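Here is what each chain is made of, one letter per residue.
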Amino acid sequence: MPVPPHARGYEDFGGSVGRTAADSTPDWRFLPTAPEGAPNIVVVLIDDMGYSDIGPFGSEIETPTLDRLAADGLRLTNYHTTPLCSPSRASLLTGINAHRAGFGFVANADPGYPGLRLELADDVLTLPEILRGNGYATYAVGKWHLVRDATMNPAAPRDCWPTQRGFDRYYGSLEGLNSFYYPNQLISDSSVIDIEEYPPGYYLTDDLTDKAIAYIKDLRAHDAAKPFFLYFAHVAMHGPLQAKPADLAKYRGRYAKGWDELRRSRFAAQLAQGLFPAGTQQKPRNTEPGYEAAEWDSLTPAQQRRFARYMEVYAGMVDSIDQSLGRIVDTLEQLGELDNTIVVFTSDNGGTAEGGPEGTRTYFAEFAHITDPDWIGDVPHDEELIGTAKLGVHYPRGWGQASNTPFRFYKGQTFAGGVRVPFVISWPEGLPRGEGDDGIRHEYTYVTDLAPTLLELAGLRRPSVRNGLPAKDFDGVSAVRTLRDPRAESEHTEQYSEMVGNRGFYRDGWKLLSLYEPGTDIDEPKWQLFDVRTDPTELHDLAERFPEKVAELAAAWDESAWANTVFPLLTREDLARRRPGEERFSAPVRLLPGTPTLERYRSQRLIAYRDFAIEAELAGYASGDEGVLVAHGDPLGGYVLYVEDGRATFGLNSYGRYDSVTTSPLTAGARQITVRAIVRPRLRWDFTLEIDGTPLARLLDQVQLVGMSPWTGISVGVDARGPVSWDLRERRGTFRYTGALRAITYTPGPIRVPRPAIEAVEREAEFVAE
């Protein structure tokens, strides 16, 4: 019997329906199923790791797992990415050029233009969405950085959180960086983990690895055949640099000869491995203002000793990443699945200059350098603390230059040092090496090529629609031909790049580049031209010799920029602007005890560049009441208000330097303990500590916490996660308040940036861009 026309709910049913089961035919809709034998896919993305930092690309750092994968697989020596974190991640996960995907910059801005939406549009398909639609399980761990910082908080829309963009499970940090001992906020699937204190021996890389392995084991316990996609986006090697004690000890004393010698030895290893043609020259030390690295032998013995410590930390972290990958490889071997797993290992951009010429005491101290270089200084209190949980250091840029051996410049620039990174791919069953194949591929490939390449290798189709909208086409092209045939030429023949006025355009072996100098006209590039077939390190500028080629490629860049929503070009100061709707983050707020730790960006808006007051409302102080009333921050910077031994104390951690003031004994029945901050010139604060409206103590002329500091958000009645004061944490733990705390109220004043501090604010925007 046919279904009556007025009946609803049967429209897409594939069987037949009568009035009873006896005269009906069932139809079961099955979930998408991957092709039989489809490979697992593991993509390991490292943060801020340069071309030469792993063994297969010339490093002395011990990376046995990567050595093994490269020996059995392939190395792409001419793989390029974008100059910064978020754009590279957007392109890798979508196969679409960064601006066209909405990520022309990192997700720490919101200038209001199409190429800088800083969120993926509804018509942008992600690789996990495609794979899940083809029957794959999809997992992500680690750094996301594809969510605007204003939407990282639990009250914000989750449209661009990982589980809304194709991942079945997610564990990690939405931020662009994090502490390795005290992450400010971790996400499980789509919820914040409300953790008060991390366990002894906690280390973020190990935590992420544990979770990735647990996802794989959980899948296999429930489904023996379903292929999976694991996107492991390490928070390392982004600053702050912190290594486990054993990994740090392993590299003690290994970098005493300095960065100049390290660059020489790594380049020699690269030539011996055949990564570059004979005759390739290494770039001499960067000498351009703002990018220069001192000659190692010109440093004092004390500087050399301290600077070498930073690199020991960095090497220990790279070693830790290899150990992490080794654990995943071991798991795949135990399951008998390594041979049919595609493993990709690469970086999002090159090594960085963010540590300045001398390194930083904490990563965020670079924001404060301009306010008082002599005070902030960044010489750690104790060199033994470099790389530990008590400091969040970053290396001097001389080590960033060594990381990018043999190229010019750093992360943030379009020259090779910023965009040419290592790439290893292994798939024993599907990409076996032929006789005489050394496993090295020199053809040009770009980050947008990864998604179409993986889909072709796995034999999967890409849908043309997402959420009812025509999906944007790939900009990348499959590199499968060059992977399978060492003689095949690249099908990716041209590519634009742009980052905060730095430009680049590649076509058929020619590369046109410009370095934007702040303060100059952003739309007047000073072009340099290189034939990277014979000059891969971009040393010999041919612009004057071939002006017609410059004109051709400049016109091509312009056309490509319009096609990919690169315009308008924005300076760092332009990128510092925010949408008006964010003003709500700086409205007064009353926080009740038990409120989970606030998200970092939300918390900062209450104090950044402004006067503010923090009022602790008590039901009445009683003798013996003690504990933390409010804490905001961690070892990288912050402040804490607590009661101990009958007195109130306010402590300020200024990028690793701690100062405090304490009141006289509290009287019984006291109801208000208030901290008032007043902005002073040169980005300073004066603090006053009041009891029931009476000023009792002052902490004057303190460097403001600016940029991304404090890193950990506001906690009420406890100093959660990372300690603001090491001494207090070691004595009292997280020190929950034992008295009757009714609420903590923040009353922010208007933003006040005195004229002498304008340069510091502009420097902040520049630092984030780098």
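Residues numbered from 1 in each chain as written. Predicted model: local features only at pLDDT ≥ 70, side-chain atom pairs only at ≥ 80, totals over all residues. Heavy atoms only, no water.

Section: the overall build of the protein chain
The helix and strand tally for the protein chain stands at 18 helices and 29 strands. For 770 residues, the compact-globule estimate of 2.2 N^0.38 gives 27 Å, and the protein chain sits close to it at 27 Å. C-alpha extents for the protein chain along the principal axes are approximately 85 × 80 × 50 Å. In the protein chain, 73% of the contacts between residues at least 6 apart in sequence involve partners at least 24 apart. Of the roughly 28300 Å² of accessible surface on the protein chain, 50% is carried by carbon and sulfur atoms. For the protein chain, the distance from the average position of its 81 positive side-chain charges to the average position of its 108 negative side-chain charges is 3 Å. (Helix = DSSP H or I, 4+ residues; strand = E, 2+ residues; numbered from the N terminus. Rg over C-alpha atoms; globule rule 2.2 N^0.38 Å. Contact = heavy atoms within 4.5 Å. Areas by Shrake-Rupley, 256 points an atom, 1.4 Å probe, with all protein chains shown as cover. Lys, Arg positive; Asp, Glu negative; His and termini not counted. Charge placed at Lys NZ, Arg CZ, Asp CG, Glu CD.)

As for the sheet that holds strand 25 (residues 672-680)
In space, the six strands of this open sheet follow the order 19-29-20-25-26-27, with antiparallel pairing throughout. What marks the edges here is a single partner per strand, and that holds for strand 19 (589-591) and strand 27 (694-703). Across the sheet, the mean angle from the axis of one strand to that of its neighbour is 15 degrees, orientation sign disregarded. With three bridges joining them, strand 19 and strand 29 (residues 741-751) adopt antiparallel strand pairing. Of the residues in strand 29, the one forming a bridge with Leu591 is Ile744. (Pairing = 2+ DSSP bridges. Axes fitted to C-alpha atoms, helices over the stretch in contact; angles between N-to-C directions.)

Things to note about the nonpolar core
Among the nonpolar cores identified, the biggest contains 81 residues, and Val43, Phe105, Tyr136, Trp144, Phe229, Tyr231 and Ile425 are the most heavily contacted of them. Element by element, the count of residues in this core is highest for helix 12 (residues 450-458), at six residues. In contact with Tyr136, not counting residues within four places along its chain, are Ala34, Ala38, Pro39, Ile41, Leu131, Asp168, Lys226, Pro227, Phe228, Phe229, Ala458 and Leu460. Formed by 75 residues, the second largest nonpolar core is a distinct cluster that contains Tyr181, Ala212, Tyr255 and Leu338. (Core = buried A, V, L, I, M, F, W, Y, C linked by side-chain atoms within 4.5 Å. Buried < 20%, exposed > 50% of the residue type's maximum accessible area, 1.4 Å probe, protein only.)

Examining the pattern of salt bridges
Counted according to the given criterion, the structure contains 61 salt bridges. We note a salt bridge from Arg254 to Glu62, for which the minimum N-O separation is 3.0 Å. Of the two residues, Arg254 sits in the loop between helix 6 (245-250) and helix 7 (258-273) while Glu62 sits in the loop between strand 1 (40-46) and helix 1 (64-72), which places them 192 residues apart along the sequence. A residue is classified by how much of its surface remains accessible, and Arg254, at 39% relative accessible area, is partly exposed. When salt bridges with common partners are traced through the structure, they connect Asp110, Arg117, Glu119, Arg148 and Arg579 into a single cluster. (Salt bridge = Lys/Arg side-chain N within 4 Å of Asp/Glu carboxyl O.)

A few points about the packing of aromatic side chains
Tallied over the full model, the rule gives 39 aromatic pairs. Here the aromatic rings of Tyr291 and Tyr410 are separated by 6.5 Å at their centres, their planes lie at 15 degrees, and the arrangement is stacked. Taken together, the residues Tyr291 in the loop between helix 7 and helix 8 (301-334) and Tyr410 in the loop between helix 10 (397-403) and helix 11 (416-419) connect sequence positions 119 residues apart. The exposure class of Tyr291 is buried, given its relative accessible area of 12%. Between the aromatic rings of Trp562 and Phe567, the centroid separation amounts to 4.3 Å while the plane-to-plane angle is 40 degrees, which identifies the pairing as tilted. The ring of Phe474 is capped by Arg462, whose NZ or CZ atom sits 4.3 Å from the centre of that ring. Note that Arg503 overlies the ring of Trp557, its terminal NZ or CZ placed 4.3 Å from the centroid. (Phe/Tyr/Trp six-rings, centres within 6.5 Å; stacked < 30°, edge-to-face > 60°. Lys NZ or Arg CZ within 6 Å of the ring centre and 35° of its normal.)

Things to note about the confidence of the model for the protein chain
In the predicted model, the protein chain carries a mean pLDDT of 93, and the fraction of residues at 70 or more is 96%. The model gives residues 755-770 a pLDDT under 50, and that stretch makes 38 contacts with residues more than four places away or in other chains. (pLDDT = per-residue confidence, 0-100.)

Concerning the side chain of Arg602
With respect to the secondary-structure elements, Arg602 resides in helix 16 (residues 600-604). Buried and unpaired, Arg602 has Glu599 as its nearest opposite-charge partner, separated by 7.2 Å. The residues contacting Arg602, other than those within four sequence positions of it, are Arg584, Phe585 and Val589.

Digging into helix 8
Given a rise of 1.5 Å per residue, 34 residues ought to cover 50 Å, and the 49 Å separating the end C-alpha atoms of helix 8 matches this to within 8%. Burial analysis of helix 8 places 24 of its 34 residues in the buried class, which makes it a mostly covered element. At the exit of helix 8 stands Gly336, carrying a positive phi of roughly 75 degrees. (Expected span 1.5 Å × (residues − 1).)

Side note on helix 7
Given a rise of 1.5 Å per residue, 16 residues ought to cover 22 Å, and the 23 Å separating the end C-alpha atoms of helix 7 matches this to within 8%. Along helix 7, the residues that are buried comprise Gly258, Trp259, Asp260, Leu262, Arg263, Arg266, Phe267 and Gln270.

Quick look at the environment of Glu358
One can find Glu358 in the loop between strand 9 (341-347) and helix 9 (373-376). Each C-alpha atom, one on Glu358 and one on Arg306, is 9.3 Å from the other, the two residues being 52 residues apart in sequence. Once residues within four sequence positions are removed from consideration, Glu358 is found in contact with Gln303, Arg306, Phe307, Tyr310 and Pro396.

Remarks on the sheet that holds strand 15 (residues 494-499)
One open sheet holds the four strands; their spatial order is 15-16-17-18, and the pairing between them is antiparallel. Of all strands in the sheet, those with a lone pairing partner are strand 15 and strand 18 (528-531), marking the two edges. Ignoring strand direction, the axes of neighbouring strands in this sheet form an average angle of 15 degrees. Sheet topology places strand 16 (residues 502-507) next to strand 17 (residues 510-514); five bridges connect them, and they run antiparallel. From the neighbouring strand, Arg503 faces strand 17, where its bridge partner is Ser514. Where helix 14 (residues 547-563) meets the sheet, its contacts fall on strand 15, strand 16, strand 17 and strand 18, and the angle it forms with strand 16 comes to roughly 110 degrees.

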